[in-house]
Amino acid sequence: PGDIAETMNLENLPSSISAIFLDADLYEPYYYTLLNAWPRMSKNGIIFLDEYYSLKFPGPRIAVNDFLKTVNDCELICIEQPICSFERWILKRH
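Residues numbered from 1 in each chain as written. Predicted model: local features only at pLDDT ≥ 70, side-chain atom pairs only at ≥ 80, totals over all residues. Heavy atoms only, no water.

Participant: Let's hear about the nonpolar core: which residues, and what values?
Facilitator: Core analysis: the largest hydrophobic core is formed by 21 residues, its most contacted members being Leu22, Ile47, Leu49 and Leu91. Of all the secondary structure elements, the ones that give two or more residues to this core are β1 (17–22), α2 (27–37), β2 (41–49), α3 (59–68) and β4 (88–93). Element by element, the count of residues in this core is highest for α2, at 4 residues. (Core = buried A, V, L, I, M, F, W, Y, C linked by side-chain atoms within 4.5 Å. Buried < 20%, exposed > 50% of the residue type's maximum accessible area, 1.4 Å probe, protein only. Helix = DSSP H or I, 4+ residues; strand = E, 2+ residues; numbered from the N terminus.)

Okay, structure coming up:
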């Protein structure tokens, strides 16, 4: 509980993470989660980016794109491109 910028830190995370379902709607929660969880992500671990394609919430896409400028051991992958719905994206650690 609390402000994710204060609570999402290495002290509150497990030592190894294989998957995250990131559903936070806004730039700061997305960015802080990526920044703090990434060092603990296991090889081939994934982060499901719930709002990456959202037009209603542009902050998550901006946060992911900003984060991608700081790392080189991941890939942004579209896992679903339905005709009548939102695309679904993940980050996968190499």
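Participant: With reference to specific residues and values, describe the packing of aromatic side chains.
Facilitator: The geometry of two aromatic rings is summed up by the distance between their centres and the angle between their planes. If you walk through the whole model with that rule in mind, you get 5 aromatic pairs. Ring plane angle 10 degrees and centroid distance 5.7 Å describe the contact between Tyr27 and Tyr31, whose orientation is recorded as stacked. Here the residue Tyr27 and the residue Tyr31 both occupy positions in helix α2, the gap between them amounting to 4 residues, near one helical turn. Look at Trp38 and Phe67: their rings are 5.7 Å apart centre to centre, the planes differ by 70 degrees, and that puts the pair in the edge-to-face class. (Phe/Tyr/Trp six-rings, centres within 6.5 Å; stacked < 30°, edge-to-face > 60°.)

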